[in-house]
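Each chain, written out:
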Amino acid sequence: MMKASSVIQILIVFLCSYCSITTQEWNTRDYLKREHTLAKPYSGSGASIPLWDFIGSTMVTNNFVRLTPDRQSKRGALWNSVPCHLKDWEMQVEFKVHGSSKDLFGDGIALWYTQERMQLGSVFGSKDLFHGLAIFLDTYANQNGPHNHKHPYVSAMVNNGSFLYDHDRDGTHTEIAGCEAKFRNIDSATSIAIRYTSNTLTVLLDTLGKMAYKECFQVQGIHLPTGYFFGASAATGDLADNHDIMSIKVYQLDVANDVADDTDYSKVEPRADIFAPPRDHIDDALGGNFRSKAVKGFKLAAIVFCAVLGLLVCAVVGFLIYQRQQENKRKRFY
């Protein structure tokens, strides 16, 4: 039989391990900022959500918050009512974009960390000329010129209130980075993690529903102040989709910093040190979401050549027919 001292030692090791695990779990939960968190069950009294406000077509259900239904010309938004005073943070959002159409759909979701809140507008349902950070989950390609990527597409923009988001160019002239991501009409919800620490923005995605994040992009030289608001918005135009938010969780990041820092981060002007190179845009004479194919360069020359060649062929054929008719008339006189 096992000695009493051995049993006591095993119990001590077990208790220490249990305490260690419990402490680790508590520390993990302790960094979750509940004042910035949206999780089921959503509703408080009536149709309200504690610490969150919604506007437009937004609808709260038991399992998700729907920003827009799968119908045309809808805009909706969801905003945290508590400003974030964290210098280093991570926002994790679980969302789903789905609809009845297989080929034509739009427009997408925007995730925000901005000074402004609860203002509907033209940028994925929210206002333009904003101050702060936007992450665009774009499902439809409005750009008429050549794309170097496919849609759906995830991109980031930092604005100090002076840059317009150009929807017709898919925001390419103000984009700081982006990546392709197949998050529409898939079985599981998609999770995105937006991490901001030490002036570095990192965006990670999990499209398999396994909480196994893969890096979308990382950009240094991003400057964001404290005191802004987290939010999400979506919009549909001529094309539509369901845009659903399942959860939003914000974590305070424990970042070691040995250097004394007296900066007042509430007064930092939002800016990015770099931008992605823009692509050329071709105006669409038809307008709207249904875009015609751009024709330029050698394609236009080929069309002109074929048109001229066709006219020449018609002229030759017409001349031969006319000549044959004249010969037939002369034969009748003999």
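Sequence order as written defines the numbering, with residues in each chain counted from 1. Reporting of local features is limited, given that this is a predicted model, to residues whose pLDDT is at least 70; pairs of side-chain atoms are given and counted only at 80 or more, and all residues count toward the totals for whole chains, interfaces and linings. Hydrogens and water molecules were not included; the side-chain quantities draw on all heavy atoms of the structure.

**Student:** Where do I start with the overall build of the chain in this structure?
**Tutor:** Note on conventions: DSSP H or I runs of at least 4 residues are helices, E runs of at least 2 residues are strands, and numbering of each starts at the N terminus. When helices and strands are tallied, the chain shows two helices and 17 strands. Three exposure classes are used, based on accessible area relative to the maximum for each residue type with a 1.4 Å probe and protein chains only: buried under 20%, partly exposed in between, and exposed over 50%. A burial count over the chain gives 41% of its 334 residues as buried. We call two residues in contact when some of their heavy atoms are within 4.5 Å. Partitioning the contacts of the chain with sequence separation of at least 6, the portion at a separation of at least 24 is 70%. Surface accessibility in these figures is a Shrake-Rupley result with a 1.4 Å probe; residues are shielded only by whichever protein chains are displayed. Entry remark: accessible area of the chain is about 18,800 Å², with carbon and sulfur atoms responsible for 57%.

**Student:** Even after reading the chapter, I still don't get the sheet that holds strand S16 (residues 242-252), so can you show me in this structure?
**Tutor:** What holds strands together in a sheet is hydrogen bonding between their backbones, with the strands either parallel or antiparallel. Here the rule is simple: two strands pair whenever DSSP picks up at least two bridges between them. Ordered in space as S2-S3-S16-S5-S11-S12-S13, the seven strands form an open sheet in which the pairing is antiparallel. Each of the sheet's edge strands pairs with one partner strand only, and the pair in question is strand S2 (59-60) and strand S13 (214-220). Pairing of S2 with strand S3 (residues 65-68) involves two bridges; the strand directions are antiparallel. Pairing of Met59 across the sheet is with Arg66, part of S3.

**Student:** Quick question: what am I supposed to make of the state of the cysteines here?
**Tutor:** Defined simply, a disulfide is a covalent bond joining two cysteines at their sulfur atoms. Criterion for a disulfide: a pair of cysteine sulfur atoms at a distance within 2.5 Å. On inspection of all chains with the given rule, the structure shows one disulfide. There is a disulfide in this structure between Cys179 and Cys216, and the S-S distance comes to 1.9 Å. Its S-S torsion of approximately -110° makes the covalent link between Cys179 and Cys216 left-handed. One end of the pair, Cys179, is in strand S10 (residues 177-180); the other, Cys216, is in strand S13, with 37 residues separating them in the sequence. For the residue pair Cys179 and Cys216, the accessibility class agrees, reading buried in each case.

**Student:** Where do I start with the confidence of the model for the chain in this structure?
**Tutor:** Predicted coordinates in areas of low pLDDT are best not read in detail. Summing up the model confidence of the chain, the mean pLDDT is 82 and the portion of residues at 70 or higher is 76%. One number per residue, pLDDT, summarises how confident the predictor is, and it ranges from 0 to 100. This stretch, residues 10-30, has a pLDDT under 50; its non-local contacts, to residues over four places away or in other chains, come to three contacts. Scored below 50 in pLDDT, residues 284-298 shows 27 contacts in the model against residues more than four places distant or in partner chains.

**Student:** Is there a simple way to explain the side chain of Lys33 in this structure?
**Tutor:** Assignment of secondary structure puts Lys33 in the loop between helix H1 (4-30) and strand S1 (52-56). In this count, Lys and Arg are taken as positive residues and Asp and Glu as negative ones, while His and the chain termini are left out. We define a salt bridge as a contact between a side-chain nitrogen of Lys or Arg and a carboxyl oxygen of Asp or Glu at a distance within 4 Å. Despite being buried, Lys33 has no salt bridge partner; Glu35 is the closest side chain of opposite charge, sitting 4.2 Å away. In contact with Lys33, other than residues within four places in its own chain, are Leu86, Val250, Tyr251 and Gln252.

**Student:** Whenever I open this one, the pairing of strand S12 (residues 200-206) confuses me. Can you help?
**Tutor:** The side chains of a regular strand alternate, residue by residue, between the two faces of the sheet. A large share of S12 lies buried, amounting to seven of its seven residues. Residues Thr200, Thr202, Leu204 and Asp206 point to one face of S12 and Leu201, Val203 and Leu205 to the other, with burial holding for every one of them. Linking strand S11 (residues 190-197) back to S12 in an antiparallel pair, the connection comprises two residues, with Ser198 at a positive phi of about 50°. By the bridge criterion, six bridges tie S12 to S13 in an arrangement that is antiparallel. Directly across from Thr202, in S13, lies its bridge partner Gln218.

**Student:** Honestly, the nonpolar core in this entry has me stumped. Any pointers?
**Tutor:** Generally speaking, soluble globular proteins have nonpolar side chains that are buried together. Note on terminology: a nonpolar core comprises buried Ala, Val, Leu, Ile, Met, Phe, Trp, Tyr and Cys residues joined through side-chain atoms within 4.5 Å. Within the largest apolar cluster, 50 residues are counted, with the highest numbers of intra-cluster contacts made by Trp89, Leu111, Ile135, Val154, Ile192 and Leu201. In terms of residue count, strand S5 (residues 89-98) provides more of this core than any other element does, five residues in total. With 12 residues, the next largest nonpolar core counts Ala77, Ala110, Trp112 and Ala134 among its residues.

**Student:** How should the packing of aromatic side chains be read in this particular structure?
**Tutor:** Each aromatic ring pair is specified by the distance between its two centres and by the angle formed by the two planes. To pair, rings of Phe, Tyr and Trp, with the six-membered ring standing in for Trp, must have centres within 6.5 Å; the planes then decide the type, stacked if under 30 degrees apart, edge-to-face if over 60, and tilted in the middle. On inspection of all chains with the given rule, the structure shows 11 aromatic pairs. Considering the side-chain rings of Trp89 and Tyr196, the 5.9 Å spacing of their centres and the 40° angle between planes classify their relative orientation as tilted. Residue Trp89 is located in strand S5, and its partner Tyr196 is located in strand S11; the two are separated by 107 residues in the primary sequence. According to the relative accessible area criterion, Trp89 is buried, its value standing at 1%. Three or more aromatic residues joined by ring pairs make a cluster, and in this case those are Trp89, Tyr113, Tyr196, Tyr228 and Phe230. Definition used: whenever NZ (Lys) or CZ (Arg) falls within 6 Å of the ring centre and also within 35 degrees of the ring normal, the charge is taken to sit over that ring. Lying over the aromatic face of Phe229, Arg117 brings its terminal NZ or CZ to 5.4 Å of the ring centre.

**Student:** Explanation requested: a nonpolar patch on the surface in the structure shown.
**Tutor:** Only residues above 30% relative accessible area that lack a salt bridge enter a patch, with like-charged residues linked at up to 9 Å and the nonpolar side chains Val, Leu, Ile, Met, Phe, Trp and Tyr linked at up to 5 Å. Together, Phe305, Val308, Leu309, Leu312, Val313, Val317 and Ile321 line one region of the surface with nonpolar side chains, adding up to about 640 Å² of accessible area. Mapped onto the fold, Leu309 is located in helix H2 (residues 298-332).

**Student:** What should I look at first to understand the sheet that holds S10 in this one?
**Tutor:** Taken in spatial order, the seven strands line up as S1-S4-S15-S6-S8-S9-S10 in an open sheet, and their pairing is antiparallel. What marks the edges here is a single partner per strand, and that holds for S1 and S10. Mean inter-strand twist for the sheet, computed between neighbouring axes without regard to direction, equals 15°. Two elements, strand S4 (residues 75-80) and strand S15 (residues 229-235), share five bridges in a ladder whose sense is antiparallel. Bridged to Arg75 within S15 is Ala235. Working convention: axes come from line fits to C-alpha atoms, limited for helices to the stretch in contact. Angles between N-to-C directions cover 0 to 180 degrees.

**Student:** Sorry if this is basic, but what is going on with the side chain of Asp88 here?
**Tutor:** Turning to its location among the elements, Asp88 is positioned in the loop between S4 and S5. For this analysis, a polar contact is any N or O atom pair within 3.5 Å, provided that within protein one partner can donate a hydrogen and the other can accept it, and provided that sequence-adjacent residues contribute only side-chain to side-chain pairs. A distance of 2.8 Å separates a polar atom in the side chain of Asp88 from a polar atom in the side chain of Thr197. At 3.2 Å, the side chain of Asp88 forms a polar contact with the backbone nitrogen of Ser198.

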